Amino acid sequence: MITRPSTRPQSLLRAIVKQSSVLPRTQRRCKHTPPVWADAKKQERFAENGVPGFLSANTFQETYTKYAQHLCDKLTEYTQGTPDEHTQTRTLHWQNAHRADRAALYNHAAMADHTLFFWEALTDSQDPVERRPGVQTAKNIESDFGSLENLRSEFLEIADAMFGNGFVWLMKPTSFGGMTILATYNAGSPWPQAAPRRDTQDMANFNGREVADQLKNAARVVDGSRTAGHSGRFSMYQSNKFVGALNATPILCANVWQHQWIPDYGMLGKRAYLTAWWDSIDWQKVEERLVHAETENYYGGRRTKNIASIEAVGRGMGDI
């Protein structure tokens, strides 16, 4: 009689463990992680030295390194096992801007995107080229604000007067000129794709009926005067537009969340923080964003045509 051994050979067990530890590609889980910056060396310098004259290395560690990791960990928790686990933070907050049941997912994705946007446009370089606006940025500023000093004064006044947490943005339409300053509260988005969560009204001073009419028409796409071509209803340039949405791209932002300035400037140091921020802007990064906006009508993700199509994308049904 042939008998089987009471235990499996260890070599066989090792083979089984080795095979089972490798999931099929379709079953692998994706973990959201803070991105490596386009300028990775600048990120390393900020981690070691902070932004000299503006923010300390400890503040960078607390308000970017640790905070971004926390936000990404929450996104992993919210999206693991769903089609959204592979979606980038900017697209995540666009897709979920109108979903009340996904407010937490929207908030964490938007804050991750906004925080990176703020930090990447700072510089520690003493090169005067990085410390002044590029050619195209300077032309637009001259056209829309009269001078760089006028822009500085208006931007800092708006940011300083903003009561509560949020961001202040310099917005650029796809055509020359037309730059505007936009304040968004908390995790409010400046992107037109997130139109339902756009903070286009100061809710302390608004016309209630006018806002109600805007919300009523929020899902209606703005049509051009023609049905085809650049301005037609089927044009890619129209597909991102919603009634009441500013069709412009952010190119610069100031972070006015209290956690950003209190560590280095104290509770009453907001104005000093904003002044130091202005002196630390990486204008070459701003120039890069402006040129991208003007030449490519770039919005950095999936195009969406209306509220229904955003919901379809949010459910993982593919690009619309």
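Above this text you will find the structure in question.
Keep in mind that what you see is a predicted model, and the values were worked out from it rather than measured.

A tally of helices and strands in the protein yields 12 helices and 3 strands. Looking at the 320 residues of the protein, the share that counts as buried comes to 42%. Counting contacts in the protein only where the partners sit at least 6 residues apart, residues at least 24 apart contribute 68% of the total. In the form shown here, the protein has an accessible surface area of approximately 16,800 Å², with 52% of it arising from carbon and sulfur atoms.

Before going further, it helps to spend a moment on the packing of aromatic side chains. Within the structure shown, the criterion is met by 19 aromatic pairs. The interplanar angle of 35° and the centroid separation of 6.1 Å between the aromatic rings of Trp261 and Tyr273 together place this pair among those described as tilted. With Trp261 in helix α9 (residues 258–265) and Tyr273 in helix α10 (residues 270–278), this residue pair connects regions lying 12 residues apart in the sequence. Here the two residues Trp261 and Tyr273 agree in accessibility, since each one is buried. Judged by centre distance (5.8 Å) and plane angle (75°), the rings of Tyr265 and Tyr273 are edge-to-face. A residue is classified by how much of its surface remains accessible, and Tyr265, at 23% relative accessible area, is partly exposed. Among the aromatic residues, ring-to-ring pairing joins Trp37, Phe46, Phe60, Tyr64, Phe118 and Trp119 into one connected group. A cation sits over an aromatic face here: Arg289 above Phe117, 3.6 Å from the ring centre.

Below, the discussion takes up the sheet that holds strand β2 (residues 180–185). Read from one edge of the open sheet, 3 strands run β2-β1-β3, paired in antiparallel fashion. Sheet topology places β2 and β3 (249–255) at the edges, where each strand pairs with a single neighbour. Here the strands of the sheet are splayed against their neighbours by 30° on average, with no regard to which way each runs. As paired strands, strand β1 (residues 166–172) and β2 are joined by 6 bridges and run antiparallel to one another. Across the sheet, residue Gly166 finds its bridge partner in β2, namely Tyr185. Sheet strands in contact with helix α7 (residues 148–161) are β1, β2 and β3, and its direction is about 150° off that of β1.

Calculation criteria
- Residues numbered from 1 in each chain as written.
- Predicted model: local features only at pLDDT ≥ 70, side-chain atom pairs only at ≥ 80, totals over all residues.
- Heavy atoms only, no water.
- Helix = DSSP H or I, 4+ residues; strand = E, 2+ residues; numbered from the N terminus.
- Buried < 20%, exposed > 50% of the residue type's maximum accessible area, 1.4 Å probe, protein only.
- Contact = heavy atoms within 4.5 Å.
- Areas by Shrake-Rupley, 256 points an atom, 1.4 Å probe, with all protein chains shown as cover.
- Phe/Tyr/Trp six-rings, centres within 6.5 Å; stacked < 30°, edge-to-face > 60°.
- Lys NZ or Arg CZ within 6 Å of the ring centre and 35° of its normal.
- Pairing = 2+ DSSP bridges.
- Axes fitted to C-alpha atoms, helices over the stretch in contact; angles between N-to-C directions.

Interpretation in functional terms is not warranted from these geometric data alone.
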